[in-house]
Amino acid sequence: MKLYELTISQAKEGLEKKKFSVKDLVASCLEQIKKLNPKLNAFITVCEKEALKEAEKKDLEIKKLRNLEIKGKFPLFGIPIAAKDLFCTKGIRTTAGSKVLENYIPVYDATVIKKLKEAGAIIIGKTNCDAWAHGSSGENSDFGPTKNPFDETRVPGGSSSGSAVAVATGMSLAATGTDTGGSIRLPAAFCGVVGLKPTYGRVSRFGVVAMASSLDCMGHFTKNIEDSALILSVTAGKDPYDATTPSFETPDYLKNLKKEIRGIKIGVPKEYFIKGMEKEIEQQTLLAIKGLEKLGAKIVEISLPHTKYAVATYYIIQPAEVSSNLARYDGIRYGFGREKFGDEAKRRIMLGTYTLSAGYYEAYYLKAMKVRTLIKQDFAEAFKKVQAIVTPVSPTLPFKLGEKTQDPLKMYLSDIFTIPANLAGLPALALPIGFVNNLPVGIQILGPQFSEELLFRIGYALERQRENEK
Amino acid sequence: MSNLKSQISNLTKEEVKHIAKLAKLKLTEEEVEKFQQQLSEVLEYMKVLNEVETGGVEPTAQVTGLENVFREDEVFPSLEPNEALSCAPAREGNFFKTGVVLEK
């Protein structure tokens, strides 16, 4: 097994037993980047020098520290992690995938980056994404599209396109992402990796280029569920710089991971099995649901009646907040001027400006905020009957590059199954369940706010079952 | 096809130009035309919300229910002027230098 193929927990074990050095591990990922990035375009910036220097430093530290100390204080010691280029990294260019910020070098780290570094992680590079995280395919990046590693003529999903591809190909062992309407879960499903969108406010947004502030969630991609739980244990928690992070304590997400799921009630919403969904995806999803049943979970059909209004609601609220957040880019304090905005940013800024303007505010924005309440209530009703909900992530397999770029509305509809969780602030865990025509398929598990621990437990049980069946 | 699209168009070119001006975006004539069509389609799609009865429903802006989050008003270190100005295209002393905003 090559080092870049390891999961985080396997890599930690290898480092502890001195089977290889931190530098070996980082160098293995860097080699993967050199080999694959020219084709896949997953990284905008590779931090080769910085990462190797940090690895050497860690290899010296490891000699001084006892394994127990490393385990306790540095849960990610020496682990190469990629960051979506939306996360500010001190001294390292952060573009948000846009030419507006092509020359922007932050003077501070985002809270997530700071926490990852404090836990011992090494930032190996900054990943490609749709500019400003606006997109479902990765094609809106001003630095060229990222390609799907399973079929280079197809999209990897967006907006966190490069992060998903980096983890799927071992260019890093994990990667950060942002999810405003599905930007972690869709690429996770399209690239066959695990993607977590935590509860709104569970992870600090400080230092991450803001898209839509009432919806933005900071999450991550990993190769398996255990690694995902490990990273959330590091990144979650109260941050004085982000007032939406609640003050209650972060659980140890690994603690109950391996508990069985017998007796847990899981809902399947009928509104998520729509016309137009690819047959093979429906089959795979139903197979996974059967698998949950075999594990002892009770499957209950539920209804989320306002599901069909989620995309329209989201495409009012989100551009409105985008127009406000992107107003700060004036080229005076940093970055270039507004003439560098690409088409999609312009569309969303204008949509938001329009729906917020005098005379339209009530018809659009206020109306959408009310429907948002109803969507949230649908989930609240459902969670009286079930503890979690399982749905497909995407109605289609990864689509062809260029297939939807000329039709913004068609592109927006790619997020039809992922948007509701953002509107309701719920955590959602996407995990791979199989392949159709050699392309990965994923499902998502949703739970009440702050129920990540349960989602990991269900995900872990499913993952184990799949491994045993191999 | 183009006929159908112009029928559902509920944004005029003038409106597109006006919105762009409010948002400080400069558009070419071609872009005005393209965005007029694309934005109209999206706005048309949003009409589906008219089906939803929302009388008496409170709007949701904050999903987790946090309210009035305060902190102590304490001074803590922030960026040094040189750091804060490190990405500025133009500076004068410890200030950002901008073009003229108000004419005499």
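Cut-offs and rules
Residues numbered from 1 in each chain as written. Chains lettered and ligands numbered in written order. Predicted model: local features only at pLDDT ≥ 70, side-chain atom pairs only at ≥ 80, totals over all residues. Core = buried A, V, L, I, M, F, W, Y, C linked by C-beta atoms within 7 Å. Buried ≥ 20, exposed ≤ 12 C-beta atoms within 10 Å, placed from the backbone. Helix = DSSP H or I, 4+ residues; strand = E, 2+ residues; numbered from the N terminus. Contact = placed C-beta atoms within 7 Å. Axes fitted to C-alpha atoms, helices over the stretch in contact; angles between N-to-C directions. Parallel < 35°, antiparallel > 145°, perpendicular 65-115°, else oblique. Left-handed = near helix turned anticlockwise from the far one by under 90°. Nonpolar A, V, L, I, M, F, W, Y, C, P; charged D, E, K, R; others polar. Pairing = 2+ DSSP bridges. Right-handed = clockwise from strand over helix to strand, strands pointing away.

Before going further, it helps to spend a moment on the nonpolar core. Residues and elements named next belong to chain A. Counting 161 residues, the largest nonpolar core has Ile79, Ile81 and Ala388 as the members making the most contacts within it. With nine residues, the single largest contributor to this core is helix α10 (residues 310-325). Discounting chain neighbours no more than four positions away, the residues touching Ile79 are Ile8, Ala11, Gly120, Ala121, Ile122, Leu173 and Ala174.

A word on the environment of Val300 of chain A. Residue and element names in this part refer to chain A. Looking at where Val300 falls in the secondary structure, it is placed in strand β8 (residues 298-302). With 14 C-beta atoms counted inside 10 Å, the residue Val300 sits in the partly exposed group. With 35 residues separating them in the primary sequence, Val300 and Lys265 have C-alpha atoms 6.9 Å apart.

What follows deals with the packing of helix α11 (residues 343-356) of chain A against helix α3 (residues 29-46) of chain B. Contact geometry of α11 of chain A with α3 of chain B gives a least axis separation of 11 Å together with a crossing angle of 55°. Judged on the interaxial angle alone, α3 of chain B and α11 of chain A are oblique. Crossing hand, α11 of chain A versus α3 of chain B: right-handed. Taken together, the residues of α3 of chain B that come into contact with α11 of chain A (itself represented by Arg347, Met350 and Leu351 of chain A) are Phe35, Gln38, Leu39 and Val42 of chain B. In the contact of α11 of chain A with α3 of chain B, the residues fall into five nonpolar, one polar and one charged.

In this section: the interface of chain B and chain A. Interface size is often expressed as the accessible area that is lost when the parts come together. Contacts between the two partners involve 37 residues from chain B, matched on the other side by 46 residues from chain A. Elements that contribute at least two residues to the side of chain B that touches chain A include exactly α2 (13-22) and α3 of chain B. It is α3 of chain B that provides the largest number of residues to the side of chain B that touches chain A, a total of seven residues.

Moving on, we come to the pairing of β8 of chain A. Residue and element names in this part refer to chain A. Summarising the sheet, strand β7 (residues 265-269) and β8 pair through five bridges and their orientation is parallel. Opposite Lys265, over in β8, you have Lys298 as the bridge partner. In this fold, the crossover linking β7 to β8 by way of helix α9 (residues 279-294) has right-handed handedness.

Just distances and angles here, no functional claims.
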